[in-house]
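Geometric and topological summary
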Amino acid sequence: MAGVANTWGYGAMTNSMNDIRHSKLVFMLGSNAAEAHPVAMQHILYAKEVNNAPLIVVDPRFTKLAAKATDYVRIRPGTDTAFVMGLVNEIVTNGWHDKDFIRKRVAGFPEMCEIAKHYTPEVVEDITGIPASEVKRIAKLLATHRPGTVVWCMGATQHSIGSSNTRALCILQLVLGNMGVSGGGTNIFRGHDNVQGATDMCVLSHSLPAYYGIKDGSWKHWCRVWDVDYEWMKSRFHSKEYMNKKGFTLARWYQGVIQEDKISQYTPIKAVVFWGCASNSQSQYHKLKKALDKLDLVVIIDPFPTMTAAACEKDNVYLLPSSSQYETEGSVTSSSRQIQWRFKVVDPVHDSRDDYWIMGQMVKRFGFHDKFYKNIKKVPDDITRELCKGSLTIGYNGALPERIKKHTLHWETFDVDSLQAKGGPCDGEYYGLPWPCWTETHPGTPILYDISKPVAKGGLPFRARFGTEHTYWNGRKENLLAAPGVYNPGSQVKGGYPEFKDIVPGTNWKTDLSQKTIKVAISRGMAPFGNARARCVCWNFPDQVPVHREPLHSPRPDLIAKYPTYPDKKEQYRVYTRFKSEQKPELVKNFPYVLITGRMVEHMGGGAETRSNKYLAELAPKMYAEISTRLANNLGIRDGDMMWIESPEQGKVKVMARVTDRVDDKTIFMPFHFGGMFMGQDLSGNYPKGHEPYCIGEPANICTNYGYDIVTQIQGTKEGLCQVKKA
Ligand SMILES: Nc1nc2c(c(=O)[nH]1)N[C@H]1C(S)=C(S)[C@@H](COP(=O)(O)OP(=O)(O)OC[C@H]3O[C@@H](n4cnc5c(=O)[nH]c(N)nc54)[C@H](O)[C@@H]3O)O[C@H]1N2
Ligand SMILES: Nc1nc2c(c(=O)[nH]1)N[C@H]1C(S)=C(S)[C@@H](COP(=O)(O)OP(=O)(O)OC[C@H]3O[C@@H](n4cnc5c(=O)[nH]c(N)nc54)[C@H](O)[C@@H]3O)O[C@H]1N2
Ligand SMILES: [Mo]
């Protein structure tokens, strides 16, 4: 069957939640941490209160986080790249950039500046709606409060140019010299419990575990780890081509069934397994629903039936009740790259089984249990051990189950500010052995790219990953390794160096399973992955330097002409993806409002869990849309009235109006946690009897528009257009 990937998240934190306590400024773009990361808020508020750090919040909505900001910046959805490149330009123009850091540790700076200079404060104002004076003021705040941290979340990533947003934010931190230092960094607050672990272990269709790309060498590496024959593995695929071909993503798998966009696969998809995934989290839901009706088989492995069960009209669905996190154990990895052991609280209740058991049974019935489980004597410890053994790229190899458990059991011995244990059985180690944890005695890496510490004590330079030299479009050639004089204390080489290889002939630090290469590097005071410069120019991306491109569905036809989107992509993760052919300037006439979506603190994801909890359901029982006072009055809509929100692709939902000036007069916001309704129709009769959630509502994703990131194919659920009518 085709692989299906979850590409929601993007990246990992370079520092940690706790390290924000050292920040002199906190810049948050597209995050509503007050609702989505309420525990992390304590560190953000600490920086604000104790360090007097400005808290800058960039969001189209005045959110609960914005309410805590010292500086709230209202931005037009989908224009963050223009704003951030504008900040970069303003910083460089005024000479506020960290010249020493850039000279020694950054690549492609002059080329990046050539592009950034287009984004003058006036140009930024036109694109983003942020006054030019605000652009200048925020740039000055960033320059005068170092080190500052940059935090981003889904408001930055869920766009057709989401990957450009994330790169622009990295460039901002490089220009300010805020990388590799406590209080700085690029800190992506991630999503689910253990989503970092899930990404690290590859719930993705374009790589193998630990970011080993799907290539022959990686397959051979993992086959060695799993102790299975590579030739046998190859024989499991339709053809060699498919072994190394990216699969479908979670955002677009249903195209593999309905094929509205052309697919590049030898067969349509016939069956889907939802393993801890609620389908109403996917955009264009009315189209996904068509796929559910067409499939031969739908399997839901979840503690709850989810909206998927209610949406399936055919008798093609199997429910396998899985247990919850409290009824199982294993390792989980946090946003801050820290690993913890989760101990079991109770045995699985009712007739549920834990995910390991279900997985084991499936593998048995598919007939290859003997191959994959022969070295797994104890579940889950031996599974963790196997992942550690193979995941050398991100240094999971030192985080063995015994060490993780010891940390979790002694977490009171770790310091809240530094994350380091003071005395006790984990003395000197960092909590959760933040990856990379290179050896069985390595303390973990609390801050990535920090050259003030020896590598053996948690320091690291930037990784050498893209060769040692590059020639830019203007003909300039640059050495990509770090400048002389840049090295971690104790390094045998006093400057840049490439990655380690051929210590064991024919292998490198990523593929040497004896781990000798890594140990040799550390014993020389050096990083296994080399010591290079961080890139401002990514020659392997569609835009080498991030530039503004209008959202696919934009309210500004004039800017579509000036900043058009990409050409269509013929084969992106097995499906044709429309960009240019989808960007129609006239759309705004009939769909005049911008639609954005996001979270509320009371509910989680598709809401199957939280809407099945009567206390949370009581706190937030109703699906709604935020609409500004002026717009509501113009449309004759009063707070609490029902209204229809309609998408350009014939999706529509009937929801309650919440009249509020959190949103501006052109923007509608909907939370995406509801399900159980479909375009005005009540589906609660479709849930298994007794398993209806306590509250139901329309899925916002019926209205979220077509549109996907050019690199990751994340769905653009934070840009789009809609129409609003009183119901
Ligand atoms: N209570 C609760 N907590 C959660 C979750 C949950 O469902 N419920 N989900 C978890 C998961 S999986 C994730 S990924 C995280 C997500 O955490 P967040 O990304 O913080 O949550 P969202 O509300 O989706 O989006 C954040 C903000 O982005 C803004 N935004 C929309 N468009 C734009 C734009 O173009 N530019 C900018 N700058 N901002 C924009 C929205 O108005 C919103 O306030 O939360 C995690 N935590
Ligand atoms: N419009 C819009 N859509 C969005 C977003 C948005 O901001 N706007 N955000 C996107 C993002 S960032 C994300 S991450 C996705 C989230 O989308 P999903 O991952 O589909 O949403 P969740 O509800 O968190 O789904 C998790 C499911 O796992 C089940 N579950 C919980 N514990 C276990 C377990 O131990 N085992 C098993 N097998 N199942 C378990 C829960 O009951 C739930 O049904 O939504 C995306 N969709
Ligand atoms: Mo997420």
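Side note on the pattern of salt bridges
- A full pass over the atoms with the stated rule returns 37 salt bridges.
- For Lys344, the salt bridge goes to Asp347, with nearest N and O atoms at 2.9 Å.
- With relative accessibility at 54%, the residue Asp347 sits in the exposed group.
- One connected set of salt bridges, linked through shared partners, spans Arg252, Asp261, Arg578, Glu582 and Lys584.

Some points on the site of ligand 1
- Every one of the 32 residues lining ligand 1 counts as a neighbour, but Ala36, Asp59, Asp80, Arg599 and His603 are closest to it.
- The separation between a nitrogen atom of ligand 1 and a polar main-chain atom of Val601 is 3.0 Å.
- At 2.5 Å from a nitrogen atom of ligand 1 is found a main-chain nitrogen or oxygen belonging to His603.
- Out of a free accessible area of 900 Å², ligand 1 has 95% covered by protein chains.
- Looking at the shell around ligand 1, the elements that each hand over two or more residues are α1 (33-36), α8 (154-157) and β21 (593-598).

Brief notes about the packing of helix α6 (residues 121-128) against helix α7 (residues 132-144)
- Two numbers describe how α6 lies on α7: the axes approach to 8 Å, and their chain directions differ by 115°. Where α6 crosses over α7, the handedness of that crossing is right-handed. Contacts between α6 and α7 involve Pro121, Glu122, Val124 and Glu125 from the former and Ala132, Val135 and Lys136 from the latter.
- Classifying every residue of the contact of α6 with α7 by side-chain character gives 4 nonpolar, no polar and 3 charged.

A look at the sheet that holds strand β6 (residues 148-152)
- Strand order in this open sheet of 5 strands is β4-β3-β2-β6-β7, and the pairing throughout is parallel. Edge strands, defined here as strands with exactly one partner in the open sheet, are β4 (71-73) and β7 (186-188). On average, adjacent strands in this sheet sit at an angle of 20° to one another, irrespective of strand direction.
- The strands that helix α3 (residues 80-93) touches are β2 (25-29), β3 (55-58) and β4; relative to β2, the one it contacts most, it runs at about 155°.

Brief notes about the confidence of the model for the protein chain
- For the protein chain, per-residue confidence averages 96 on the pLDDT scale, and 98% of positions sit at 70 or higher.
- Taken as a whole, residues 1-10 scores under 50 in pLDDT and shows 47 contacts with residues more than four places along the chain or in a different chain.

Focus on the sheet that holds strand β13 (residues 317-321)
- As summarised here, the arrangement of the 3 strands in space is β11-β12-β13, forming an open sheet in which the pairing is parallel. Unpaired on one side and paired on the other, β11 (271-275) and β13 mark the two borders of the sheet. With strand direction ignored, the average angle separating the axes of adjacent strands in the sheet is 10°.
- Two elements, β11 and strand β12 (residues 297-302), share 5 bridges in a ladder whose sense is parallel. The partner of Phe274 across the bridge, within β12, is Ile300.

Points about the site of ligand 2
- Around ligand 2 there are 31 residues in total, and His192, Ser281, Asp302, Asn701 and Lys718 lie nearest to it.
- Between ligand 2 and Ser323, the relevant distance is 3.4 Å, taken from an oxygen atom to a main-chain nitrogen or oxygen of the residue.
- Coverage of ligand 2 by the protein amounts to 91% of the 910 Å² it exposes when considered alone.
- Classifying every residue of the shell around ligand 2 gives 11 nonpolar, 15 polar and 5 charged.

Focus: helix α15 (residues 285-294)
- Counting buried positions along α15 yields 7 of 10 residues, so the element is predominantly enclosed.
- Taken together, the buried positions of α15 are Tyr285, His286, Lys287, Leu288, Lys289, Ala291 and Leu292.
- Those residues of α15 that are buried are in contact with α14 (255-258), β11, β12, α16 (306-311) and β26 (677-678).

Brief notes about the side chain of Gln284
- In this structure, Gln284 sits in the loop between β11 and α15.
- Among the polar contacts listed, one links the side chain of Gln284 to the side chain of Glu649, at a separation of 3.3 Å.
- Setting aside chain neighbours within four positions, we find Gln284 in contact with Tyr254, Glu649, Asn701, Thr704, Asn705, Tyr706 and Tyr708.

Comments concerning helix α5 (residues 109-116)
- For α5, the complete set of buried residues consists of Phe109, Glu111, Met112, Cys113 and Ala116.
- Contacts from the buried residues of α5 go to α3, α4 (99-105), β5 (106-107) and α9 (162-175).

Re the domain arrangement of the protein chain
- What the domain assignment lists for the protein chain is domain 1 (18-188) and domain 2 (585-726).
- At the interface, 21 residues of domain 1 touch 21 residues of domain 2.
- Where domain 1 abuts domain 2, roughly 1800 Å² becomes buried across the two surfaces, and 51% of that area is made up of carbon and sulfur atoms.
- In terms of surface lost to domain 2, no three residues of domain 1 exceed Glu35, Arg61 and Gln158, which account for 37% of the buried area on that side.
- Taken together, the links from domain 1 to domain 2 amount to 1 salt bridge.
- A salt bridge links Glu626 to Arg61, with the shortest nitrogen-to-oxygen separation between them at 3.4 Å.
- At the boundary of domain 1 and domain 2, one finds 12 residue pairs in polar contact (both at pLDDT 80 or more).
- Elements with a minimum of two residues in the side of domain 1 that touches domain 2: α1, α8 and α9.

Structural notes on the layout of surface pockets
- In this structure, the second largest pocket occupies an estimated 260 Å³ of space.
- Per-class residue counts for the lining of the second largest pocket are 5 nonpolar, 3 polar and 7 charged.
- For the lining of the second largest pocket, the two domains that each supply at least three residues are domain 1 (18-188) and domain 2 (585-726).

The rules we used
Residues numbered from 1 in each chain as written. Chains lettered and ligands numbered in written order. Predicted model: local features only at pLDDT ≥ 70, side-chain atom pairs only at ≥ 80, totals over all residues. Heavy atoms only, no water. Salt bridge = Lys/Arg side-chain N within 4 Å of Asp/Glu carboxyl O. Buried < 20%, exposed > 50% of the residue type's maximum accessible area, 1.4 Å probe, protein only. Near = heavy atom within 4 Å. Polar contact = N/O pair within 3.5 Å; in protein donor to acceptor, adjacent residues only side chain to side chain. Areas by Shrake-Rupley, 256 points an atom, 1.4 Å probe, with all protein chains shown as cover. Helix = DSSP H or I, 4+ residues; strand = E, 2+ residues; numbered from the N terminus. Axes fitted to C-alpha atoms, helices over the stretch in contact; angles between N-to-C directions. Left-handed = near helix turned anticlockwise from the far one by under 90°. Contact = heavy atoms within 4.5 Å. Nonpolar A, V, L, I, M, F, W, Y, C, P; charged D, E, K, R; others polar. Pairing = 2+ DSSP bridges. pLDDT = per-residue confidence, 0-100. Domains from an automatic or database assignment. Buried area = accessible area lost by both parts, 1.4 Å probe. 1 Å grid on protein atoms, 1.4 Å probe; cavity = no way out; pocket = protein on both sides within 12 Å on 5 of 7 lines; lining within 4 Å. Points joined across faces, edges and corners; volume = space filled by probe spheres on them.

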